[in-house]
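# Descriptive structure summary
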Amino acid sequence: MPDPSSPIPVEIPTTQVSCRVNGAEISRTVPVDTPLLAFLRDVLGLTGTKGACLEGECGSCTVLVDGVTVNSCLMLAAQANDRNITTIEGLAVGSELDVIQDSFIETGAAQCGYCTPGLIMSARALLNDQPDISEDELLTAMEGNICRCTGYASIIQAVKRAHRESQSP
Amino acid sequence: MFHQPITIEEALNLRNELGADATVINGGTDVVVAMNHGALKPQCFIDLSRLTSLRKNREDDGSLILGAGTTFAMMGRSHLRALREASLSVGGPAIRNVGTLGGNIATASPAGDGCVALLAMNADVQLTSAERGERWIPLVDFFIDYRKTALAGDELITAVRVPKDPQSRWYKIGKRGAVNISLVCCAVSRNANGKIGLAFGCVGPMPITTPKAASLLNGDPLTPELIDDVANLVAQEVRPIDDHRGSATYRRAMCKTLVKRLLTDLHAGDQKGDADA
Ligand SMILES: Cc1cc2nc3c(=O)[nH]c(=O)nc-3n(C[C@@H](O)[C@@H](O)[C@H](O)COP(=O)(O)OP(=O)(O)OC[C@H]3O[C@@H](n4cnc5c(N)ncnc54)[C@H](O)[C@@H]3O)c2cc1C
Ligand code: FES
Ligand code: FES
């Protein structure tokens, strides 16, 4: 399995990728087969997004593309042309953390923290979409993210807290 | 090269020109997994993800036509129960947001959940080429053997046609959770005209139907005796193998159990007057 942090191979034809990442217009020329994950991490240096399984199973690479969750290990960078990408680095406004980031800290929902950026992006999409969230909807929204440390209880608590906080005026 | 056509005509022309030199990609949930595993090293892509027309669903003369670019997330809101439940069982939400019906069919995995649901509904698939135009074939004829399909080198899957309001049921046995390759999967459906379809996943080289067993169901009421006969024939007709996930004997037994359960449930739905909730 290729190492997501290994240098990008050179023999593959290149293509231009132009998109908006966390609000900034970006344009880079990359090999056509570059996954979005490698584009974010190795080309743009946005290493908040993690990679582990590279097969859509763990969710650690989750980002938002036009507001919708995507496994960046399975999307090609070129497929993101003209799209709006939000990564974990794009959530805080200045030193003001996003309410979900804040809740993860408050409830101790991160241990090693490797799964955390992906989980927060999945939670962000859920909270963007729905003013009212049932327990079922919450669990479904997070079902593509694996955490091997916490046992999930603190994560669910963090998302619920963030939801409550964002409802209160 | 990375081609990102925005009209279907453009996509078909590219497919015609480039043939096997270009890898067709939509959601990438099979293609990029294979690339990450080193099993596929494409140098040229035709990306279908911008073809909004391929995502359109419409009704046509008693049928429902689903564009090949319809995502699992979209099918997760379908009124077709088997298709809805099958779609919601795929991956996590981020997979369902991009994975498509056309990709599921083209991949022709024996475990293809969308394929099994659609086979039970006697779906037809539309294959289109720039030079020869469109052709519709029964989905059951699309699957030829293990990962071998009727798709020609210049064709794209453009749509799937199913009856508008079949009753249908679907179930898969596998590990519970987001990431879930099934051990056995079964779907049953009944059209307004009473025609019943049965389909199975993971018990053959491709998603399969059991025409002999289905032929017992020619409009007669679904009595427990009839359902038993059908289930017994199903167990003979499926072609499971032994692998690390389960034995052939177990799979055969589960096909029998599932088809019995789903047909009984379909019948119970009738008694209650359920449309297909
Ligand atoms: C974590 C994970 C879990 C999964 N779970 C399940 C599951 O439970 N059940 C299940 O059935 N599947 C499952 N899958 C596989 C499923 O996501 C794919 O089969 C999906 O349907 C493929 O669609 P795509 O748009 O992503 O296809 P792509 O990966 O883009 O393409 C797949 C294949 O189809 C071809 N293709 C795509 N569209 C067309 C078209 N319109 N015409 C001609 N050829 C085309 C491509 O060339 C390629 O060969 C899972 C995948 C992952 C990564
Ligand atoms: S690295 Fe993408 S889902 Fe695991
Ligand atoms: S905190 Fe370690 S994997 Fe989730």
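Predicted, not measured: the structure shown is a model, and the values here were computed from it.

Before going further, it helps to spend a moment on the overall build of chain B. Across its full length, chain B carries 11 helices and 14 strands. In terms of overall dimensions, chain B has a C-alpha envelope of 60 × 45 × 30 Å along the principal axes. Taken across its 277 residues, chain B has 58% of its residues classed as buried. Within chain B, contacts between residues separated by at least 24 positions form 62% of all contacts whose residues are at least 6 apart in sequence. A total of about 11,800 Å² of accessible surface is found on chain B, and carbon and sulfur atoms cover 52% of it. In chain B, which carries 31 positive and 30 negative side-chain charges, the distance between the mean positions of the two groups comes to 6 Å.

Okay, the site of ligand 1 next. Residues and elements named next belong to chain B. Within the structure, ligand 1 sits among 33 residues, and Val 24, Asn 26, Thr 29, Thr 100 and Asp 113 are positioned closest to it. Interatomic distance of 2.6 Å between a backbone N/O atom of Asn 26 and an oxygen atom of ligand 1. In the model, an oxygen atom of ligand 1 is placed 3.0 Å from a nitrogen or oxygen of the Asn 104 side chain. Coverage of ligand 1 by the protein amounts to 89% of the 990 Å² it exposes when considered alone.

Moving on, we come to a negative patch on the surface. On the surface, a cluster of negative charge is contributed by Glu96(A), Asp102(A), Glu106(A) and Glu165(A). Under the relative-accessibility criterion, Glu106(A) is labelled exposed at 52%.

All told, the structure shown has 17 salt bridges over all chains when counted by the stated rule. Its salt-bridge partner being Glu25(A), residue Arg20(A) comes within 2.8 Å of it at the nearest N-O pair. On the basis of relative accessibility, which here comes to 35%, the residue Arg20(A) falls in the partly exposed class. Salt bridges linked by common partners bring Arg81(B), Glu85(B), Arg169(B) and Asp265(B) together as one network.

As a further point, take the sheet that holds strand S3 (residues 45-47) of chain B. Residue and element names in this part refer to chain B. What the three strands build is an open sheet, ordered S1-S3-S2; its pairing is parallel. Lying at the two open borders of the sheet, with one neighbouring strand each, are strand S1 (2-3) and strand S2 (23-25). Pairing analysis gives three bridges linking S2 to S3, with the strands arranged parallel. Paired with Thr 23 across the bridge in S3 is Phe 45.

Another point: the pairing of strand S7 (residues 133-138) of chain B. Residues and elements named next belong to chain B. Here strand S6 (residues 124-129) pairs with S7 via six bridges, running antiparallel. From the neighbouring strand, Val 125 faces S7, where its bridge partner is Ile 137. What sits between S6 and S7 in their antiparallel hairpin is a turn of three residues.

All names here are of chain A. Along the polypeptide, Ser 103 turns up in helix H2 (residues 99-106). Polar contacts involving the side chain of Ser 103 include one to the main-chain amide nitrogen of Ala 162, which spans 3.3 Å. Setting aside residues up to four positions removed in sequence, Ser 103 forms contacts with Ala 158, Arg 161 and Ala 162.

Turning our eyes to something else, we now look at the nonpolar core. Residues and elements named next belong to chain B. Counting residues in each nonpolar core, the largest one holds 110 residues, and the members touching the most others are Ile 105, Phe 142, Leu 198, Phe 200 and Leu 263. Per-element accounting of this core gives the leading share, seven residues, to helix H11 (residues 248-272). Ignoring any residue separated from it by four or fewer positions in sequence, one finds Ile 105 in contact with Cys 115, Leu 118, Leu 139, Phe 142, Phe 143, Ile 157 and Val 160.

The partner chain B presents 30 residues to the 29 residues of chain A that form the contact. Taking both partners together, chain A and chain B bury about 2,300 Å²; carbon and sulfur atoms supply 56% of that area. When the buried surface of chain A facing chain B is broken down by residue, Leu74(A), Gln79(A) and Glu143(A) rank first, second and third, together holding 26% of it. There are one salt bridge connecting chain A and chain B. One can count nine residue pairs in polar contact (both at pLDDT 80 or more) joining chain A with chain B. Of all the secondary structure elements, the ones that give two or more residues to the side of chain A that touches chain B are strand S4 (68-71) and helix H4 (135-142) of chain A. Here the element with the most residues in the side of chain A that touches chain B is S4(A); it accounts for four residues. Grouping the constituent residues of the side of chain A that touches chain B by class yields 15 nonpolar, eight polar and six charged.

This part covers the sheet that holds strand S2 (residues 24-31) of chain A. Residues and elements named next belong to chain A. Read from one edge to the other, the open sheet built from five strands follows the order S2-S1-S5-S3-S4, with strand pairing classed as mixed. Each of the sheet's edge strands pairs with one partner strand only, and the pair in question is S2 and S4. With strand direction ignored, the average angle separating the axes of adjacent strands in the sheet is 40°. As judged from the two bridges shared by strand S1 (residues 14-21) and strand S5 (residues 84-86), these two strands associate in the parallel manner. Among the inter-strand pairings, Arg 20 is bridged to a residue of S5, identified as Asn 84. Strand contacts of helix H1 (residues 36-43): S1, S2, strand S3 (62-65) and S5, with the helix running at about 105° to S2, the strand carrying the most contacts. Sitting on the sheet, helix H3 (residues 116-129) touches S3, S4 and S5, and the angle it makes with S3 is about 35°.

Right, let's talk about the state of the cysteines for a bit. Residue and element names in this part refer to chain B. With the rule as written, the count across this model stands at zero disulfides over all chains. Counting only cysteine sulfurs, Cys 185 is the nearest neighbor of Cys 115, a cysteine outside any disulfide, at a range of 9.7 Å. For Cys 115, a relative accessible area of 0% puts it in the buried group.

Here we come to helix H7 (residues 113-120) of chain B. Residue and element names in this part refer to chain B. Across the eight residues of H7, eight count as buried, placing the element largely inside the fold. Of the residues making up H7, those classed as buried are Asp 113, Gly 114, Cys 115, Val 116, Ala 117, Leu 118, Leu 119 and Ala 120. Among the residues trailing H7, Asn 122 stands out with phi positive, at a value near 55°.

Cut-offs used in this document
Residues numbered from 1 in each chain as written. Chains lettered and ligands numbered in written order. Predicted model: local features only at pLDDT ≥ 70, side-chain atom pairs only at ≥ 80, totals over all residues. Heavy atoms only, no water. Helix = DSSP H or I, 4+ residues; strand = E, 2+ residues; numbered from the N terminus. Buried < 20%, exposed > 50% of the residue type's maximum accessible area, 1.4 Å probe, protein only. Contact = heavy atoms within 4.5 Å. Areas by Shrake-Rupley, 256 points an atom, 1.4 Å probe, with all protein chains shown as cover. Lys, Arg positive; Asp, Glu negative; His and termini not counted. Charge placed at Lys NZ, Arg CZ, Asp CG, Glu CD. Near = heavy atom within 4 Å. Polar contact = N/O pair within 3.5 Å; in protein donor to acceptor, adjacent residues only side chain to side chain. Patch = residues over 30% accessible without salt bridge, like charges linked within 9 Å, V, L, I, M, F, W, Y side chains within 5 Å. Salt bridge = Lys/Arg side-chain N within 4 Å of Asp/Glu carboxyl O. Pairing = 2+ DSSP bridges. Core = buried A, V, L, I, M, F, W, Y, C linked by side-chain atoms within 4.5 Å. Buried area = accessible area lost by both parts, 1.4 Å probe. Nonpolar A, V, L, I, M, F, W, Y, C, P; charged D, E, K, R; others polar. Axes fitted to C-alpha atoms, helices over the stretch in contact; angles between N-to-C directions. Disulfide = S-S within 2.5 Å.

So far we have only geometry, and geometry alone does not tell us how the molecule works.
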